[in-house]
Amino acid sequence: MLFASYGFIAFIAILFIVYYLIPKKYQWMLLLLASYVFYLFAGPKYILYIVFTTVSTYIISLRIDKLNQTQAQYLAKYKEDLSRADKRAYRDMMKGRMRRWLVACLLLNFGILAVVKYSNFAIANLNAIFQAFGGQGQLSFLDIALPMGISFYTFQTMGYIIDVYRGKYPPEKNIFKLALFVSFFPQLVQGPISRFDDLSRTLFKEHSFEHRNFSFGMQRIMWGYFKKLVIADRILVAVNTIIRDPEVYQGAFALVGMLFYAFQLYADFTGGIDITIGIAQVLGIEVKENFNRPYFSKSIAEYWRRWHITLGTWFRDYLFYPISVSKPMMKVFKFTRERFGGAIGRRIPVYISTITVWFVTGIWHGASWNFIAWGMANCVVIIISQELEPFYTWFHSKFKVGNTFGFRLFQVLRTVLLMSSIRMFDCYRDVPTTFRMFGSMFTVFNYRELFGGALLELGLSMADYWVLFMGLIALLGVSLAQRKGSVRLKLAQGSDLLRYAVYSFMFIIILIFGAYGVGYDSSQFIYNQF
Amino acid sequence: MEELLEILEEMHPDVDFRTCDTLIDSNILDSFDIIALISEIKMEFGVTIPPDEIIPENFNSAKAMYELIERLSD
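Worth saying up front: this structure is predicted, and the values here are computed from it rather than measured.

**Q** When you look at the overall build of chain B in this model, what are you seeing that I'm missing?
**A** Along its length, chain B carries four helices and zero strands. Overall, chain B shows an N-to-C arrangement of helices and strands of α-α-α-α. The C-alpha atoms of chain B give a radius of gyration of 11 Å, which matches the 11 Å a tight globule of 74 residues would have. C-alpha atoms of chain B, sized along the principal axes, occupy 30 × 25 × 20 Å. Every one of the 74 residues in chain B was classed for burial, and the buried ones make up 30%. Taking all contacts inside chain B whose residues are at least 6 apart in sequence as the whole, residues at least 24 apart take part in 58%.

**Q** Please clarify how the overall build of chain A should be interpreted in this entry.
**A** Within chain A one finds 20 helices and zero strands. With the C-alpha coordinates of chain A rotated into their principal frame, the extents come out at 85 × 65 × 65 Å. Within chain A, contacts between residues separated by at least 24 positions form 76% of all contacts whose residues are at least 6 apart in sequence.

**Q** Could you clarify how one ought to interpret helix α11 (residues 309-324) of chain A in this entry?
**A** Given 3.6 residues to a turn, an α-helix orients residues that are three or four positions apart in the same direction. The sharpest bend along α11 of chain A measures roughly 40° and falls at R316 of chain A. Among the residues of α11 of chain A, I309, T310, L311, G312, W314, F315, D317, F320, Y321 and S324 of chain A are the ones counted as buried. In this fold, the buried residues of α11 of chain A make contact with α5 (150-166), α10 (300-306), α12 (327-340) and α13 (342-365) of chain A together with α2 (31-45) of chain B.

**Q** Where do I start with the confidence of the model for chain A in this structure?
**A** Low pLDDT means the predicted atomic positions in that stretch should not be read closely. Residues and elements named next belong to chain A. Confidence along chain A averages 88 in pLDDT terms, with 97% of residues attaining 70 or more. Mean pLDDT across the secondary structure elements of chain A bottoms out at helix α20 (residues 496-513), with 75, and peaks at helix α6 (residues 175-183), with 97. Between residues 517-521, whose pLDDT stays under 50, and residues either more than four places distant or in other chains, the model counts zero contacts.

**Q** How do you make sense of the interface of chain B and chain A when you look at a structure like this?
**A** How big an interface is tends to be stated in terms of the accessible area lost upon association of its parts. Between chain B and chain A, the contact holds 14 residues from the first and 17 residues from the second. In terms of residue class, the side of chain B that touches chain A is made up of nine nonpolar, two polar and three charged.

**Q** Sorry if this is basic, but what is going on with helix α1 (residues 6-21) of chain A here?
**A** Residues and elements named next belong to chain A. Between its first and last C-alpha atoms α1 spans 23 Å; for 16 residues at 1.5 Å apiece the expected length is 22 Å, and the two agree. Of all the residues in α1, the buried ones are I12, L15 and Y19. End-on, the buried residues of α1 take up no more than an arc of 60°, which puts them together on one face. Along α1, exposed side chains directed more than 90 degrees from the buried face belong to Y6, G7, A10, A13, I14, I17 and L21. Where α1 is buried, its residues meet α2 (27-42) and α9 (252-282).

**Q** Would you take a moment to explain the packing of α12 of chain A against α13 of chain A for this structure?
**A** Two quantities define a packed helix pair, namely the angle between the helix axes and the distance between the axes. Residue and element names in this part refer to chain A. Two elements in contact, α12 and α13, have axes whose closest approach is 7 Å; the angle formed by their N-to-C orientations is 150°. Viewed along their axes, α12 and α13 adopt a mutual orientation that is roughly antiparallel. Every pair of crossing elements has a handedness; the one defined by α12 and α13 is right-handed. The segment α12 lies against α13, with M329, V332, F333, T336, R337, R339 and F340 engaging G342, I344, G345, R346, I348, P349, I352 and S353. Looking at the contact of α12 with α13, its residues break down into eight nonpolar, four polar and three charged.

**Q** What is the right way to read unusual backbone geometry from this model?
**A** All names here are of chain A. P192 follows G191 through a cis peptide bond whose omega is 0°. Along the chain, P192 falls in the loop between α6 and α7 (196-203). Positive phi values are uncommon outside glycine, yet H308 reaches one of about 45°. Following the sequence through the fold, H308 ends up in the loop between α10 and α11. A residue is classified by how many C-beta atoms lie within 10 Å of it, and H308, with 24 of them, is buried.

**Q** Is there a simple way to think about the domain arrangement of chain A in this case?
**A** Residue and element names in this part refer to chain A. Under the domain assignment used here, chain A contains domain 1 (1-28 + 203-291 + 430-530), domain 2 (44-125 + 142-183) and domain 3 (295-428). The C-alpha centroid of domain 3 is placed 29 Å from the C-alpha centroid of domain 2. For the side of domain 2 that touches domain 3, the elements supplying multiple residues, two or more each, are α4 (84-132) and α5. Top contributing element to the side of domain 2 that touches domain 3 by residue count: α5, with four residues. Split into classes, the residues belonging to the side of domain 2 that touches domain 3 amount to four nonpolar, two polar and one charged.

**Q** Would you mind going over the confidence of the model for chain B with me for this structure?
**A** Mean pLDDT over chain B works out to 87, with 99% of the residues at or above the 70 mark. Reported confidence for the predicted complex is 0.84 by ipTM and 0.87 by pTM.

**Q** Before we go on, may I ask you to explain the environment of V431 of chain A in this structure?
**A** Residue and element names in this part refer to chain A. Within the secondary structure, V431 sits in helix α17 (residues 431-443). Spatially, the C-alpha atoms of V431 and I372 are 9.5 Å apart, while their sequence positions differ by 59 residues. Not counting residues up to four positions away in its chain, the partners in contact with V431 are W369, N370, A373 and F425.

Cut-offs and rules
- Residues numbered from 1 in each chain as written.
- Chains lettered and ligands numbered in written order.
- Predicted model: local features only at pLDDT ≥ 70, side-chain atom pairs only at ≥ 80, totals over all residues.
- Helix = DSSP H or I, 4+ residues; strand = E, 2+ residues; numbered from the N terminus.
- Rg over C-alpha atoms; globule rule 2.2 N^0.38 Å.
- Buried ≥ 20, exposed ≤ 12 C-beta atoms within 10 Å, placed from the backbone.
- Contact = placed C-beta atoms within 7 Å.
- Bend = angle between axes of the 7 residues up to and from the residue.
- pLDDT = per-residue confidence, 0-100.
- Nonpolar A, V, L, I, M, F, W, Y, C, P; charged D, E, K, R; others polar.
- Expected span 1.5 Å × (residues − 1).
- Arc of directions from axis to C-beta.
- Axes fitted to C-alpha atoms, helices over the stretch in contact; angles between N-to-C directions.
- Parallel < 35°, antiparallel > 145°, perpendicular 65-115°, else oblique.
- Left-handed = near helix turned anticlockwise from the far one by under 90°.
- Domains from an automatic or database assignment.

As structure tokens, this is what we get:
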């Protein structure tokens, strides 16, 4: 069931009504039921995967908790009898036992993700290697489909078990509540990747109907549909025309495709997240923000702190930090520091961790070399800008332009162009084609090609371009207004007439200008495929 | 405390670490700095900071970092 479908709109409309009509203590149970019904639409057999993740995590989290309690009781009982060294040895022994359970849970669940997501990629690469060495045989591909949202719910659930292992919070004792945390339907399709301590604060609470939550949530949902249907799904037509025919659309067209895809992805992903957060808000549930106007970032590192925030913080907390402060990495640090001195020695372990994280981030987005190249390109840009830090400091001390509008505009444009060009790896069929198309922007660039009606042959009419233009202006306007606080709050403080005029206008815009047509079927969200 | 301040000042000579208590919240220290810092703390103080202690509250000021080191060395 796609977010942008009549079926889904009917589904959430019924849910909203029933949710506030039933006794409050059953609300979370209704959400669990709704989440599983939503999941059933993706295919009944996929339920098994999410149930397995829930049950295995539940059992192991209780196991870890039991060991934690045993440890606490033992240490309390023998508080006076044990020396500090004894206590430490006992804690280490117990930590080791807990770690074994944690590793089992991670292996099981990431193992499933690896099999369903990466088997055919691995087989394709093995076949290519066999062929390169003159082998005749070919491994056949597995007939295996990716269960909906598996990358998202696996990461969310593994974050939970790691937190329980670290003692951040006790495990959830009610398996059905844990099942709701794992499967909460608005965020199942494309995140955000929530943390248990954040989401559980409002997920299991009893909620009375609140006009403010309802109206703010509905506004957010409408804004999300506007981005998805009016902008993303419209621009998608032109993007597909360009990227599917790289022999024809090169040079200036590759540049147009690159920029259009950047707008499409932004509108598609942030639109989907707006719908998710909006639905949750109507239900009285707080879901973490996943974006903070990323294209206004002054650097790529900052961009990644503001784009898909929950994935970035997941990788930081559960991969980057653990690798960076692991015992082997500390040995590497010691070795490099002694060998090359403090300045270089300090960098090497950080860069090893950074490369690892970006490799994993790339492959998380998709089982292809395109995404690995995309991850590595991000990594290279971040490391280069890190290395250029002294130059930036020197530059800013010499030329006092840092706070000028012109320089900030330059930084923002640099971020947009850099990120858009790296995103080209998402678009084209393989890495060499991506490089070729990127190169064509410099070798065969002729802006005159774009005039004389060529842009109208990409599948969009002049009216479409006008709608897109106005839509993007609206997007930019709202983003700029958000710098001074919540737009919805300002709207709420305005007169009722203004507020309802804006609602009606939005609704009509989506109805009229949403990218529908004869036999129209909204496209899937891009991040749903990750 | 002086050793810790020396490490920090070497990383960012332009920051007043004695007074600043929003090192993370103001994005003065990023994750690269934190890792480098943890490695230096391990070398200087022999204290291992586990990943679950890497939270803003523990790194927002030199004082918070020093308290963390003292707590972990107990």
